[in-house]
Each structure stands twice: as structure tokens, then as C-alpha cells.
Amino acid sequence: MSAGPAMVVSASRRRIDPDPSFTRAFAELAPRLPGSDRQEIAALRARSLARFTELGIPTQRDEAWKFTPVGRIVNRPHAADVPAEPPLERILPHLLGGPKARRLVFVNGRLVPQWSHVGGLPEGAAIESLTRALERRTEAVAARLARDDGRSFTALNAALAASGAWIELAPGVVLSDPVQLLFVTVPGASAPMSHPRVVLRLGSGAALTLLESHVGLEPGPALTNLVLEGELGEGASLAHDRLLLQADEAALIGKVELVLGARARYDQTTVALGGSLLRSESEVSIEGEGVECRLAGLAVPRAGEHVDTLVRVHHRAPASHSDQLFKSVVEERGHHAFAGKIFVHRGAQRTNAYQKNDNLLLAEDGEVDSKPELEIYADDVKCSHGATCGELDPSALFYLRARGIDATTARGLLIWAFASELLDRLGDRTARAAARRALAARLPTGALVDEHEDAA
Amino acid sequence: MLEIRDLHVAVEGRPILKGLSLRILPGEVHAIMGPNGSGKSTLAHVLAGREGYEVTSGSVTFGDEDLLALEPEERARAGLFLAMQYPVEIPGVANMYFLRQALNAVRKARGQDEIPAAEFMRRIREQARLLGIGEELLKRDLNTGFSGGEKKRNEILQMAMLEPRLAILDETDSGLDIDALKTVADGVNRLRSPERAFLVITHYQRLLDYIVPDIVHVMADGRIQRSGGPELARELEERGYEAVLGGRLAA
Ligand SMILES: Nc1ncnc2c1ncn2[C@@H]1O[C@H](COP(=O)(O)OP(=O)(O)OP(=O)(O)O)[C@@H](O)[C@H]1O
Ligand SMILES: [Mg+2]
């Protein structure tokens with residue numbers, strides 16, 4: 001017997017064929033996708049779909065998807081470009097960043113112009129919807145879409161991306177007011193899918209606060225497949241607040257991939273508070289000295305929800321600092337998977353890299369998988385990683401109860417205390433408030449802990 | 001007020017309290033002294049309702065209630081307070097917020113309304129001032145990063161705010177400097193009243209110079225071995241447990 005067939009078998013187990021509906025949706029949608037009037041874009045999209053079909057949907061044999069049966073959740077018929085017109089009052093609570101924020105609002109992957117505004121930008125700043133960017137800078141966008149990272153969902157995104165944005169700040173441009181990208185999902189009857197592509201380019205010394213919100217307005221199957229990529233130039237600074245607030249049954253698969261130049265500062269805080277599957281991948285490549293990179297995340301899965309966080313930080317230059325803090329509160333039938341890896345590449349001396357994953361497992365039928373890893377090819381480095389998984393501290397619970405606070409409230413307070421540390425990392429005040437509301441709504445003592453914040 | 005009858009308590013199957021009886025009347029201050037490991041904190045924890053202690057026999061009544069049948073929060077609401085030997089640090093829960101929650105829970109049980117915010121602030125500032133606790137400490141997270149002495153003062157602050165009927169102080173004096181000892185003792189003395197009782201656990205005669213007890217008990221091997229007036233504490237200080245208890249002290 002030859003080795004050939006065996007290899008085919010094991011390789012095939014790492015992927016399954018995509019549901020035919022993806023190809024059907026593409027065939028139907030292709031003529032209407034932004035950029036389709038340009039032959040090279042149309043061809044690029046067709047190639048991307050073929051690449052997606054070839055790569056397939058990963059199974060749990062694929063190391064990067066070890067903890068998540070993604071096929072079971074997303075490999076089903078979805079419809080692209082499903083119109084929906086939610087009333088403004090459902091949207092208002094999700095408009096973040098204060099009165100001067102600029103924003104693009106998408107509903108089921110369609111730009112809603114009347115809720116979007118990006119006017120009054122200083123010279124050297126561009127915020128364009130993907131559609132507009134494809135008209136104005138076709139080659140640059142095409143180059144982005146053509147990039148093949150060997151990941152099937154990136155290829156699918158390239159094939160079908162109709163929403164998203166191109167955000168570019170020339171050197172030295174500082175936007176003092178936040179930019180919000182709000183992706184709204186209204187499932188309706190048709191299991192809509194959308195594939196936002198966001199490109200961020202910050203020139204040296206540029207600064208931006210980006211609020212990325214994903215909001216599901218009602219329960220029902222839906223898929224958001226996001227790719228957010230870009231570069232921070234020397235000394236550029238990006239505060240990136242991410243609120244993943246999908247509704248029940250909806251899935252979000254997102255990848256953030258950024259390259260950081262010398263002395264850049266990147267602060268990412270991801271709050272995952274709703275959705276049947278929230279898969280959040282971050283890949284950060286530090287390519288200069290003196291970078292400060294902080295990645296943080298909070299997940300509170302319950303009732304069959306599955307949050308999967310995958311982080312890769314590459315130190316490719318000396319003397320930079322990265323710090324990861326990811327926490328989860330897992331309630332009944334919730335599942336949190338965390339896989340984080342720090343790579344310190346050859347020559348990246350004097351790297352400081354930390355990673356911590358703390359999980360609060362509150363139910364016996366909840367599940368936590370944690371896989372922190374280090375890969376170090378330099379000798380003069382300070383690195384540490386660690387993961388914890390535990391219940392609420394009984395002596396803290398006793399202390400609170402011994403002062404007259406009932407057990408439920410005491411538990412709620414301790415859970416809040418554990419989780420709120422992460423909310424405090426959100427850079428924008430309104431994002432913090434929205435995350436607090438969303439978290440309070442998930443905890444038994446919601447109202448009470450809200451008041452806690454007011455008092456503090 | 002408190003009646004403990006022949007209490008036997010085991011921890012992980014090992015007997016710690018072995019037939020302890022104690023009766024405290026309103027207005028009284030009792031002191032318990034005893035060697036390390038004799039079961040003093042165990043008694044305090046069992047009275048406050050901490051998990052992990054198995055009452056194998058005996059009874060405790062508090063007022064007219066079966067204390068051992070109550071949850072810890074019910075005991076606190078009934079007017080029992082334990083100033084802990086090792087107060088727990090709870091990051092993320094603000095000291096002042098916590099105290100307001102606790103006070104309102106206790107008030108509710110007494111049939112009182114929630115304390116108005118302004119009155120709460122006035123009272124807590126007043127008590128904090130008397131106990132030498134800075135405003136900054138009130139704003140910090142509960143006991144988090146507090147020094148040993150600050151934790152003990154914070155316990156007394158909670159006691160002063162909650163106004164219990166029976167306060168158990170488990171080595172509140174240990175770790176305090178001389179001035180702080182005086183401040184804390186003054187805090188306790190301010191609360192002394194004909195309706196309120198105290199059970200003061202200590203290793204040192206010094207505290208009892210400030211908080212003069214009505215009755216001093218010597219505890220050893222899970223039982224009260226001897227009781228007497230304040231002079232018993234002085235005798236212990238001078239002669240040590242071995243001499244005072246003689247053959248009753250288990251090796
Ligand atoms: N949770 C526990 N697990 C095991 N043993 C315990 C536990 N709690 C108490 N003990 C044991 O019970 C005995 C009494 O302890 P306790 O803390 O009550 O003593 P104490 O009189 O307060 O001593 P100290 O003066 O040192 O504070 C000790 O031998 C201690 O080791
Ligand atoms: Mg003790």
C-alpha cells in the first residue's frame with residue numbers, strides 16, 4: 001500500500017467542502033459586487049471563491065480550529081445582500097464615540113448612507129466605504145484582496161466583500177474624535193451573511209481611535225466574516241475597541257492582521273458578549289523597536305455560546321513590548337477557547353512579552369480550553385505566559401456575605417469585579433458604557449453592578 | 001444574647017472544638033485568649049457561618065434564633081459581626097460601594113429604608129475620621145493593597161457603620177502599632193452600650209487595658225479551660241498558659 005491515499009484521507013479530514021450555497025450566492029451576487037465592472041476585480045473575486053472552495057471549511061483536525069466545530073455552525077445555506085431596514089431607535093443605542101464621531105453604518109453588509117457620515121476630515125485623512133475605495137483606489141484595494149494567507153475565510157471574504165472601509169491617515173494626522181464602524185445584522189428569515197473588509201493605514205505619527213461594533217438586532221442564523229488588516233507607521237497610535245454583540249444563533253468570524261512599525265502603539269480590547277459563535281483572530285507583527293502592543297479581551301459565553309479567541313503576536317524587531325490579557329466568565333453551557341502564541345523571532349532581543357488568560361468557570365457544564373504558547377528564538381528576552389481556570393473565591397464570597405450581602409448579589413459583585421477590569425481597558429468612554437450595559441444584561445445582578453460603576 | 005452549649009466542631013474530620021460552652025449577655029465584653037491553634041478563629045468562623053466547618057454536636061442560640069441554621073448573610077442581618085483575623089482583599093469591588101450595599105442589606109432586614117446617599121457619605125466620613133482612615137482608602141478597592149493595620153481599621157469602620165448587636169473581634173489588635181491600637185480600641189469603646197456585646201479574641205493583655213473586659217476566658221484544646229475577671233489576662237501575661245492552666249493544657 002502506498003502512502004498516497006492515506007495522506008489524502010488525513011488531509012481531507014482537516015477540511016470539508018463548503019456548502020454549495022456559497023458558490024450559488026457568489027454566482028448570483030458577482031455582477032452586483034462593488035468593483036465588478038472592472039475585469040481584474042471580477043477575475044480576482046472568482047479566483048478567491050475558487051481558493052475558498054479549495055481550502056474548504058476547517059475541521060477540528062486543523063490545529064487553528066481545534067476547539068471549534070466551525071463547520072457545524074457556519075457551513076449551511078446563507079444568503080448574501082439581504083436588505084433590511086431596522087428603525088433608527090434600534091440603532092441609536094449602538095452609535096458610539098460621542099456627537100463628533102465619524103462613522104460608517106452597515107446593515108447586513110449594505111452601507112446605510114443616512115446614518116453614516118465621515119465629513120469634515122482634515123487633509124491627509126481618508127475614510128471611505130469599501131465600495132468607494134474600490135472606485136477611487138482600485139489597484140490598492142485589489143492588492144489587499146489578492147493577498148492569500150492560506151485561510152479559507154479570508155478567501156471567502158475577498159470573493160464576497162461588499163462592506164467595510166478604507167481608512168488612511170497620512171503621516172502626522174491625528175483624528176481626535178473616534179471613528180466607528182458599525183456592522184448591524186438583522187437575520188430575518190434568510191440567514192444573511194456579510195463579509196466586511198477593512199483596511200487601515202496609519203502613517204508615521206498618525207493617531208486614531210477605532211470603534212468596531214458588531215450588533216445583532218434579533219435572534220436568528222447569520223454570518224459575519226470580517227477581515228481587518230493594515231499597518232501602523234512609526235510612532236503611529238491606534239486604540240481599537242471591539243464590541244462583538246451578536247444576537248442568539250448568529251456567528252461572527254473575524255481576523256485582525258496588523259503590522260506595527262517602530263514606536264507604534266496598538267491597544268486592542270475585544271468584548272465578546274453574544275452570538276452562537278464568536279471567533280476572533282488577531283495576528284500582530286511587530287517590525288520595529290519600541291512598540292507598545294496591548295491586546296485584551298473579555299468573553300462571557302453561556303447557553304450554548306462559543307467564543308474562540310486566537311492570538312498571534314510576532315516580535316520581529318528588538319526592544320518592543322507586548323502584553324495580552326484575556327479573560328472569560330463561562331456560564332452554563334458556555335464554551336471559551338483561547339489559543340495565544342507569542343513568537344520572538346531571531347534578533348528580537350530585549351523583547352518583553354506577556355500573556356495571561358484567566359477564566360472563571362461558573363458552571364459544571366461550561367467548558368474552558370486554554371492554550372498559551374511561547375516560541376522564542378532570541379536569548380535576551382523577558383517573556384511569561386500563564387492561564388488560570390477557577391471558580392469564585394470562597395473566602396471572598398464569605399467575606400461579602402458575612403457583611404449581610406446575599407449570596408446572589410455577592411456572586412454578581414465578584415463576577416463583575418473580575419470582568420470589569422477588561423471593560424476599563426476600552427479606550428472610548430461611550431464604548432465602555434455600552435459594554436457595561438451589555439455585560440450587566442448578562443449577569444444576574446445587572447442593575448446593581450451598573451450602579452456600582454456610577455458610584456465609583 | 002449568645003448562648004453556646006457544648007459545641008463540637010470538626011474540620012476535615014478532625015475535631016477542633018471539643019465541647020465549648022459560653023454565654024454572653026447584652027452589654028458584656030468577653031475576651032478569649034489562648035495558644036495558637038487552640039480553636040479561637042474556628043469558633044469565630046463557625047459563629048459567622050463560614051463553610052468548611054462541621055458542627056458535630058451542640059447548639060448556638062443568638063437572641064431567640066438557632067444561629068447555626070442561618071446563612072452567613074442572615075446572621076449579619078440579625079446583628080452578628082465578625083472582624084476577621086485576615087480580611088480578604090477583593091479587587092474590583094470599591095470599598096465604599098461595598099459598605100453601602102452591606103449597610104442597606106442590614107437596614108432592610110431591620111425594616112429601615114435605604115440610607116440616603118448624602119447621609120451615608122456624612123456618616124462614613126465621620127467614622128473614617130475617628131478611625132484615622134483617609135478618604136483615599138475609602139475609594140480604593142476593598143482591602144486591596146491595604147497594609148495590615150489599614151485592613152484592621154477598615155474592619156472596625158465596617159463594624160461602626162453596621163452597628164451590630166454582637167461583634168466578634170478576631171485578633172483585631174495584631175499587626176497594629178501602638179497608636180493604631182488605641183484608635184481601634186477607642187472605636188470599640190464608642191460602640192459599647194447596654195444592648196451591645198463584644199467577644200474579643202486576642203493574644204495580648206495590652207488591648208484589654210484599653211477595652212476592659214467583663215470576663216476573660218482561656219481557651220485551649222478546643223474548650224474554655226478557665227474563666228475569670230480582667231486579672232486573669234494579667235496573670236496569663238505574667239505566667240504564660242502552661243503555668244496558668246497547669247495539667248489542663250494538652251501537650
Ligand atoms: N480550614 C482548615 N483546614 C484544616 N485545618 C484547619 C482549618 N482551619 C483550622 N484548622 C486547624 O484547626 C486548629 C485551630 O485553628 P484556629 O485558626 O481556630 O486557631 P486559633 O486559636 O485561631 O490560632 P491563632 O492564635 O494562631 O490564630 C489548627 O490546628 C488549625 O490548623
Ligand atoms: Mg486565629
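This one's a predicted model, so the numbers in the text were calculated from it and none came from an experiment.

## Some details on the overall build of chain B
Then step 1. The number of helices and strands found in chain B is nine helices and 12 strands.
Then step 2. Relative to a compact globule of 251 residues, whose C-alpha radius of gyration would be 18 Å, chain B shows 18 Å and is just as compact.
Then step 3. C-alpha atoms of chain B, sized along the principal axes, occupy 55 × 40 × 35 Å.
Then step 4. Classification of the 251 residues of chain B by burial places 56% in the buried group.
Then step 5. A separation threshold of at least 6 residues defines the contact pool for chain B, and within that pool the share at least 24 residues apart is 68%.
Then step 6. Summed over its atoms, the accessible surface of chain B is roughly 10,800 Å², and 47% of this surface lies on carbon and sulfur atoms.
Then step 7. Computed over 32 positive and 38 negative side-chain charges, the inter-centroid distance for chain B is 2 Å.

## Considering the coordination of the magnesium ion (ligand 2)
The reference angle at a metal is 109.5 degrees if four donors form a tetrahedron and 90 or 180 degrees if six donors form an octahedron.
All names here are of chain B.
Then step 1. Protein ligation of the magnesium ion (ligand 2) involves Ser41 (OG) and Gln85 (OE1), the donor distances falling in the range 2.0 to 2.2 Å. Taken together, the residues span a long stretch of sequence, with Ser41 in helix 1 (residues 40-48) and Gln85 in the loop between strand 6 (80-83) and strand 7 (90-94) at a distance of 44 residues. Residues Ser41 and Gln85 agree in their burial class; the two are buried.

## Describing the domain arrangement of chain A
All names here are of chain A.
Then step 1. Each assigned domain of chain A is listed with its residue range as follows: domain 1 (9-287) and domain 2 (393-456).
Then step 2. Once you take the C-alpha centre of each, domain 1 and domain 2 turn out to be 31 Å apart.
Then step 3. In this assembly, domain 1 packs against domain 2 so that about 1,000 Å² is buried in total across both faces, 70% of it on carbon and sulfur atoms.
Then step 4. The interface formed by domain 1 and domain 2 contains zero salt bridges.
Then step 5. Counting across the domain 1 and domain 2 interface gives five residue pairs in polar contact (both at pLDDT 80 or more).

## Comments concerning the site of ligand 1
Residue and element names in this part refer to chain B.
Then step 1. Close contacts around ligand 1 come from 14 residues, with Arg14, Lys40, Ser41, Thr42 and His203 the closest.
Then step 2. Here an oxygen atom of ligand 1 sits 2.9 Å away from a polar atom, N or O, in the main chain of Gly37.
Then step 3. Interatomic distance of 3.2 Å between a side-chain N/O atom of Glu171 and an oxygen atom of ligand 1.
Then step 4. In the complex, the protein chains occlude 67% of the 630 Å² of accessible area that ligand 1 would expose alone.
Then step 5. Of all elements in the fold, only strand 2 (14-24) and helix 1 reach the threshold of two or more residues within the shell around ligand 1.

## Digging into the packing of helix 10 (residues 407-423) of chain A against helix 11 (residues 429-442) of chain A
To describe two helices that pack against each other, one gives the angle between their axes and the distance between the axes.
Residue and element names in this part refer to chain A.
Then step 1. Between helix 10 and helix 11, the shortest axis-to-axis distance is 10 Å and the interhelical angle comes to 155°. Judged by the angle between their axes, helix 10 and helix 11 are roughly antiparallel. For the pair helix 10 and helix 11, the sense of crossing is right-handed. In contact with Trp416, Ala419 and Leu423 of helix 10, helix 11 contributes Arg432, Ala435, Arg436, Leu439 and Ala440.
Then step 2. Here the contact of helix 10 with helix 11 is composed, by residue class, of six nonpolar, no polar and two charged.

## Structural notes on helix 1 of chain B
All names here are of chain B.
Then step 1. For helix 1, the buried fraction is high: nine of the nine residues fall into the buried class.
Then step 2. Three or more residues of helix 1 are buried, namely Lys40, Ser41, Thr42, Leu43, Ala44, His45, Val46, Leu47 and Ala48.
Then step 3. Of the residues one or two after helix 1, Gly49 is the one with positive phi, at around 95°.

## A look at the packing of helix 9 (residues 394-401) of chain A against helix 10 of chain A
Residues and elements named next belong to chain A.
Then step 1. It is at 9 Å that the axes of helix 9 and helix 10 come closest, and there the two elements cross at 130°. Taken together, the axes of helix 9 and helix 10 are oblique relative to one another. Judged by the twist between their axes, the crossing of helix 9 over helix 10 is right-handed. Of the residues in helix 10, those touching helix 9 at Ala396, Leu397, Leu400 and Arg401 are Ala407, Ala410, Arg411, Leu413 and Leu414.
Then step 2. Considering only residue class, the contact of helix 9 with helix 10 consists of seven nonpolar, no polar and two charged.

## Concerning the environment of Ala220 of chain B
Then step 1. Within the secondary structure, Ala220 of chain B is located in strand 11 (residues 215-220).
Then step 2. On a C-alpha basis, the gap between Ala220 of chain B and Leu20 of chain B in space is 10 Å, while along the polypeptide they are 200 residues apart.

## Details of the environment of Asn143 of chain B
Then step 1. Among the structural elements, Asn143 of chain B can be located in the loop between strand 8 (141-142) and helix 6 (148-162).
Then step 2. Taking the relative accessible area as the measure of exposure, Asn143 of chain B reaches 0% and is therefore buried.
Then step 3. When the C-alpha positions of Asn143 of chain B and Met159 of chain B are compared, they lie 15 Å apart, and in sequence the two are 16 residues distant.
Then step 4. Residues in contact with Asn143 of chain B, not counting those within four places in the same chain, are Tyr399 of chain A together with Pro87, Val88, Glu89, Lys151, Asn154 and Glu155 of chain B.
Then step 5. Looking at Asn143 of chain B, its side chain comes within polar contact range of the side chain of Asn154 of chain B, at 3.1 Å.

## Some remarks on the sheet that holds strand 19 (residues 321-330) of chain A
Residues and elements named next belong to chain A.
Then step 1. Pairing in this open sheet of 10 strands is mixed, and the strands run 5-4-8-11-13-15-17-19-21-23 from one edge to the other. A strand with exactly one partner marks an edge of an open sheet, and here the two such strands are strand 5 (110-111) and strand 23 (382-390).
Then step 2. Of the strand pairs in this sheet, strand 4 (residues 102-107) and strand 5 are connected by two bridges, and their pairing is antiparallel. Of the residues in strand 5, the one forming a bridge with Phe106 is Leu111.
Then step 3. In this fold helix 10 packs onto strand 15 (265-272), strand 17 (292-299), strand 19 and strand 21 (352-361), with an angle of close to 145° to the strand it touches most, strand 19.

## Considerations on the packing of aromatic side chains
Residue and element names in this part refer to chain A.
Then step 1. As enumerated under the stated definition, the model contains five aromatic pairs over all chains in all.
Then step 2. Their ring planes at 75° and their centres at 5.4 Å tell us that Phe22 and Phe52 sit as a pair that is edge-to-face. With Phe22 in helix 2 (residues 20-29) and Phe52 in helix 3 (residues 39-55), this pair connects stretches of sequence that are 30 residues apart.
Then step 3. Taking the ring centre of Trp65 as reference, the NZ or CZ of Arg279 above it sits at 3.6 Å.

About the criteria used
- Residues numbered from 1 in each chain as written.
- Chains lettered and ligands numbered in written order.
- Predicted model: local features only at pLDDT ≥ 70, side-chain atom pairs only at ≥ 80, totals over all residues.
- Heavy atoms only, no water.
- Helix = DSSP H or I, 4+ residues; strand = E, 2+ residues; numbered from the N terminus.
- Rg over C-alpha atoms; globule rule 2.2 N^0.38 Å.
- Buried < 20%, exposed > 50% of the residue type's maximum accessible area, 1.4 Å probe, protein only.
- Contact = heavy atoms within 4.5 Å.
- Areas by Shrake-Rupley, 256 points an atom, 1.4 Å probe, with all protein chains shown as cover.
- Lys, Arg positive; Asp, Glu negative; His and termini not counted.
- Charge placed at Lys NZ, Arg CZ, Asp CG, Glu CD.
- Donors = N, O, S within 2.8 Å, 3.2 Å for Na, K, Ca; no water.
- Domains from an automatic or database assignment.
- Buried area = accessible area lost by both parts, 1.4 Å probe.
- Salt bridge = Lys/Arg side-chain N within 4 Å of Asp/Glu carboxyl O.
- Polar contact = N/O pair within 3.5 Å; in protein donor to acceptor, adjacent residues only side chain to side chain.
- Near = heavy atom within 4 Å.
- Axes fitted to C-alpha atoms, helices over the stretch in contact; angles between N-to-C directions.
- Parallel < 35°, antiparallel > 145°, perpendicular 65-115°, else oblique.
- Left-handed = near helix turned anticlockwise from the far one by under 90°.
- Nonpolar A, V, L, I, M, F, W, Y, C, P; charged D, E, K, R; others polar.
- Pairing = 2+ DSSP bridges.
- Phe/Tyr/Trp six-rings, centres within 6.5 Å; stacked < 30°, edge-to-face > 60°.
- Lys NZ or Arg CZ within 6 Å of the ring centre and 35° of its normal.

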